[in-house]
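# Observations on the three-dimensional arrangement
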Amino acid sequence: MSERVNGRDSNIHFQKKAYLAERPGILTAPSEDLIKRRQQSQQARVAMLEMIREAELQKATLREAEQEVIAEEPTLTLVEELEKLQQENLVLPIEAHREEIVETIENNKATIIISETGSGKSTQVPQYLVEAGYDHVFVIQGRRGMADGLSDRIQSEFDARLGNEAADGLVDVIHGGRTVTHENSKMTVLTAATLIHMMPEIAKKYGDKKVGIFADEIHEDDQYVELATGVSGIEVSKHDDWRLIGMSATIDPEPIKVPFGRVTNADNPELVDVPVVRVEGRLFPLEIREAPKLTPAETFLAYGQEHRRVMLGERGFEQIRRMKEQIIEAYEAQEAGSSSRLVFREFTSKTSTFQRAELARISTELPDELQLIVLATPAARSGITIPGITFVSIGSLINREKRHEDRSRGIIPEYMSQAEVHQFLSRGGRDTAGGIGYLSKPTSILRKKRGTKSTANGQNKSQKKKPEDEFAKAYPYVALSELDDYPEPAIFNSNLSELILIGSNAGYDPDVLNRHIMNEQNQSVLDGAVRRLRDEFSALDQDKKITEIGRLMSRFPVAPELSRGLAEAMRNGRSKQHLARMAMIATAIDAGGIQSLKKAENAEWAGLVRPESSDDFMAQLDFILAMRQEGFKGGPSHDGAVFAYLHDLEYSRILGTEEPTEKIMRRMGIDTASFEVEAPNAKEISEIRDDFTAGMYGLTYRHFQRKDDPLHYFRPIQHSNCLLYTSDAADDLLCVD
């Protein structure tokens, strides 16, 4: 019998029903009140347009009289902008379903909307509810950049439709990196974690109001969006005039009808026929092709050079930078100096709001003689429209965090699902005709070992096979039709204890919340996670209510095993130096370690480890301090990437730790702008160990290569109260009592 991991059979490959399987929605007749409000809304829009037109005409007349010039036809800038925007939105596929969508939401507690990428669902449907008279609309987004982009877009549409003065402050945006709120706002776009944290306040403020909550892009494998959707479902079930709307480009609605049905009937959700509104088509059609023998860069060189705006995707930083090298080399081989006409930009999960806006500006203002090539990770598959992109290609792999049967976790390459491929390729032709998307074979990276000599053909003597050949054999091209329909839900590979802690901090019982999430967890697994939080971490009490220790842990965005140590340090009144060091260590460990997984005797990072550091936790601090001493902090830099490469450090992980480290330090009361962290002495190292082991009753941190999966390394946190040396030797254990 196969083992079960987090409630599912670990030997059964995750499958769902066919991609975009057809099923008609169940629609009900609109109420007379809804019809009246819609008519009033339409009349108001017409009146507003006439007011704007009249104001512009008056301004033009006054200018003509003052200047005493021959009257000319006035330039109606605002009117023209409004009419242009209205025409664009009127031709979006979603617009044809406007009445159907509003009526369905009005007459049902929960609704599912399935609409292709580029159809206008994210920008238009929330506006429909505002115009239908809802007091407030909340839109959940998975990432900060998505929240920023969506809120800015919707606000600009309100500005154009109503005028800057009338539309000012209609849209709020709230997340960990940005808060813009207004007293009379009608819509709030926010990240999933922010909604969970704010939900008690939202329920208190809008409990008796008419509220719509949109869970956008619920097809993405994001455990926090799933948790936020569950929290929203609980609250919608409590308030008569609240509505829950799940929106997706590709999801199969059947498996999520039960949790959505529970919003209406908690005891018998299967009796609720949750309506599904389907919207077919996009503004411009996209042609999808396959290039099984070519990487994304090679596909572009073969078929896409005539396109002026291009997006190429691969699973990670190394792969997208390798694509850039290949394209430059090919252009220079064709014509010396021709690569100077190429404008490269990267788009990853770390791309800031400013960088997104700058990317859109560059594409819009691209001179005729230049060619824009956006190099992206799969993070670009949602939340952005780059104007004018007509050619897209992506390799078939994505980096995922996976959980093995022994509870170890690691980042490994995995084939994308059909839904994810379609979503990424749909970045092409969103606002223009002629879009083409290619699925290509993955890009492999050849890493030469330092200190080895190469033969004339570039083959290392110490290697019988090139790593790229082994990789290509392990990950051959898989046709689009052979890929899984959907990705496995991320919640199956998440730290369930962490999610329970987040929900409990907002006041939600773990059992109730579990019944409202889209992928309900096995009860025994849920009970085990609750026991860990209660018995090992003292984060929950006997009634499953969060304790003061649990609230303190929930402030820190790392695994509970690590946040318990941070909470212990706070309770012990440690110095700011001590707290800052622990913040750096915790985020590095939570990221999986920032050094490459090589044995110490073969790795350059070993030279950065101080003699006082005998375990991996202290080694992580040494790596970070070495980078900081060289001046590499506060964002990506070429020199920082070179330093990391030369010392066998994982630069992408280093960058990924910076933001959570600063967040933790700020919540500890540390001014990150001026604070300099120093290396600890032996006594201080002992105190760090004492605090961290408060959350490590069953914990070890080590790295190893499993016999059943020799291509990948995993970094588990489990099974012992011992910390393993940075060496690979199995007997190099340092037990901390």
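This write-up is about the structure you can find in this document. (Residues numbered from 1 in each chain as written. Predicted model: local features only at pLDDT ≥ 70, side-chain atom pairs only at ≥ 80, totals over all residues. Heavy atoms only, no water.)

Once that is clear, we can look at the overall build of the chain. When its secondary structure is counted, the chain shows 24 helices and 22 strands. Residue burial in the chain is summarised as follows: out of 737 residues, 55% are buried. The long-range share in the chain, meaning contacts at least 24 apart out of those at least 6 apart in sequence, stands at 74%. Surface accessibility of the chain: about 32600 Å² in total, with carbon and sulfur atoms responsible for 49%. (Helix = DSSP H or I, 4+ residues; strand = E, 2+ residues; numbered from the N terminus. Buried < 20%, exposed > 50% of the residue type's maximum accessible area, 1.4 Å probe, protein only. Contact = heavy atoms within 4.5 Å. Areas by Shrake-Rupley, 256 points an atom, 1.4 Å probe, with all protein chains shown as cover.)

Another aspect to go through is the nonpolar core. Among the nonpolar cores identified, the biggest contains 99 residues, and I213 and W242 are the most heavily contacted of them. Look past the residues within four positions of W242 in its chain and what remains in contact with it is K109, M199, I202, A203, Y206, G207, K209, V211, I213, E235 and V236. Membership of the second largest hydrophobic core comes to 29 residues, among which are I113, V139, I154 and M187. (Core = buried A, V, L, I, M, F, W, Y, C linked by side-chain atoms within 4.5 Å.)

So, about the sheet that holds strand β6 (residues 178-180). Here 8 strands make up an open sheet; going across it, the order is β6-β5-β7-β4-β8-β9-β3-β10 and the pairing mixed. Unpaired on one side and paired on the other, β6 and β10 (276-279) mark the two borders of the sheet. Going from strand to strand, the sheet's axes swing by 20 degrees on average, the running direction of each strand aside. Across 4 bridges, strand β5 (residues 171-175) lies against strand β7 (residues 187-191) in parallel orientation. Note on β7: the bridge partner recorded for D172 is T188. Across the face of the sheet, helix α4 (residues 121-131) comes into contact with β3 (110-115), β4 (136-141), β7, β8 (211-215) and β9 (242-248) while running at roughly 165 degrees to β9. (Pairing = 2+ DSSP bridges. Axes fitted to C-alpha atoms, helices over the stretch in contact; angles between N-to-C directions.)

The geometry of helix α20 (residues 576-590) relative to helix α23 (residues 651-667) is characterised by a closest axis approach of 9 Å and an angle of 145 degrees between their N-to-C directions. Here α20 and α23 pass one another in a crossing that is right-handed. Facing α20, whose interface residues are A580, A583, M584, T587 and A588, α23 presents T657, P660, T661, I664 and M665. Of the residues contributing to the contact of α20 with α23, the split by class is 7 nonpolar, 3 polar and no charged. (Left-handed = near helix turned anticlockwise from the far one by under 90°. Nonpolar A, V, L, I, M, F, W, Y, C, P; charged D, E, K, R; others polar.)

A separate point is the pattern of salt bridges. Inspection of every chain in the model, using the stated rule, returns 33 salt bridges. Note that E414 and R400 form a salt bridge whose closest N and O atoms lie 2.5 Å from each other. Here E414 is found in strand β17 (residues 409-415), whereas its partner R400 is found in strand β16 (residues 397-403), with 14 residues between them in sequence. Of the residues examined, R400 reaches a relative accessible area of 7% and is grouped as buried. Between E568 and R571 there is a salt bridge; the shortest N-O distance is 3.4 Å. Taken together, the positions of E568 and R571, both in helix α19 (residues 560-571) and 3 residues apart, correspond to about one turn of that helix. Among the ionic contacts, a cluster of salt bridges with common partners joins E95, R98, E131 and R161. (Salt bridge = Lys/Arg side-chain N within 4 Å of Asp/Glu carboxyl O.)

Next up on the list: the environment of V274. By the element assignment, V274 lies in the loop between α9 (257-261) and β10. The exposure class of V274 is buried, given its relative accessible area of 1%. Note: C-alpha distance between V274 and R262 (12 residues apart in sequence) is 9.7 Å. For V274, the residues in contact, after removing those within four places along its chain, are A110, I112, K257, F260 and G261.

Moving on, we get to the packing of aromatic side chains. In total, this model carries 9 aromatic pairs according to the counting rule given. Considering the side-chain rings of F391 and Y438, the 5.6 Å spacing of their centres and the 35 degrees angle between planes classify their relative orientation as tilted. You can see F391 sitting in strand β15 (residues 391-395) and its partner Y438 sitting in strand β18 (residues 435-440), a full 47 residues away along the chain. Residue classification places F391 among the buried residues on the basis of a relative accessible area of 0%. One aromatic cluster in this structure is built from F300, Y303, Y331, F391 and Y438. (Phe/Tyr/Trp six-rings, centres within 6.5 Å; stacked < 30°, edge-to-face > 60°.)

Once that is clear, we can look at a nonpolar patch on the surface. A cluster of nonpolar residues, V642, Y645 and L646, forms a patch on the protein surface that exposes about 290 Å² of accessible area. Residue classification places V642 among the partly exposed positions, given a relative accessible area of 34%. (Patch = residues over 30% accessible without salt bridge, like charges linked within 9 Å, V, L, I, M, F, W, Y side chains within 5 Å.)

Quick look at unusual backbone geometry now. Trans is the prevailing form of peptide bonds, just as negative phi is the prevailing case for residues other than glycine. Positive phi is not limited to glycine here, since S538 has a value of about 55 degrees. Mapped onto the fold, S538 is located in the loop between α17 (523-536) and α18 (548-554). For D648, which is not glycine, the phi torsion reads 55 degrees and is therefore positive. Positionally, D648 belongs in the loop between α22 (638-646) and α23.

Along β15, 5 of the 5 residues are buried, which leaves the element largely enclosed by surrounding structure. Covered by surrounding structure in β15 are F391, S393 and G395 together with V392 and I394, the residues of both alternating faces. Alignment of strand β12 (residues 309-313) against β15, held across 4 bridges, turns out to be parallel. Counted as the bridge partner of L312 is S393 from β15. One ladder, built from 5 bridges, connects β15 with β18; its direction is parallel. Within the sheet, the bridge partner assigned to G395 lies in β18 and is S440.

This part is about the side chain of E314. Position of E314 relative to the elements: it lies in the loop between β12 and α11 (317-334). Buried within the structure, E314 lacks any salt-bridge partner; R315 is the closest side chain of opposite charge, at an N-O distance of 4.1 Å. For E314, the residues in contact, after removing those within four places along its chain, are P296, Q319, I320, M323, A376, T377, P378, I394, G395, K441, P442 and T443. (Lys, Arg positive; Asp, Glu negative; His and termini not counted.)

The subject of this paragraph is helix α8 (residues 223-238). Spanning 16 residues, α8 covers 23 Å between terminal C-alpha atoms, matching the ideal 22 Å at 1.5 Å per step. Burial analysis of α8 places 13 of its 16 residues in the buried class, the great majority of the element. N-cap assignment for α8: the residue whose side-chain oxygen lies 2.8 Å from the backbone N of Y224 is D222. (Expected span 1.5 Å × (residues − 1). Polar contact = N/O pair within 3.5 Å; in protein donor to acceptor, adjacent residues only side chain to side chain.)

This paragraph deals with helix α7 (residues 192-206). Spanning 15 residues, α7 covers only 18 Å between terminal C-alpha atoms, well under the ideal 21 Å at 1.5 Å per step. Along α7, the sharpest change in direction is near 55 degrees and occurs at M198; proline P200 comes one to four residues later. Looking only at α7, the buried set comprises A192, T194, L195, I196, M198, M199, I202, A203 and Y206. (Bend = angle between axes of the 7 residues up to and from the residue.)

Take a negative patch on the surface next. On the surface, a cluster of negative charge is made up of D135, D208, D240 and D241. Judged by its relative accessible area of 64%, D208 is exposed. (Charge placed at Lys NZ, Arg CZ, Asp CG, Glu CD.)

With that out of the way, let us pick up the sheet that holds β15. Spatially, β11-β18-β15-β12-β14-β13 is the arrangement adopted by the 6 strands of the open sheet, whose pairing is parallel. Each edge of the open sheet carries a strand with a single partner, namely β11 (286-291) and β13 (342-347). Strand-to-strand twist in this sheet, taken as the mean axis angle between neighbours without regard to direction, amounts to 20 degrees. Contacts between helix α10 (residues 296-303) and the sheet are confined to β11, β12, β14 (371-376), β15 and β18, with β15 contributing the most and set at about 150 degrees to the helix.

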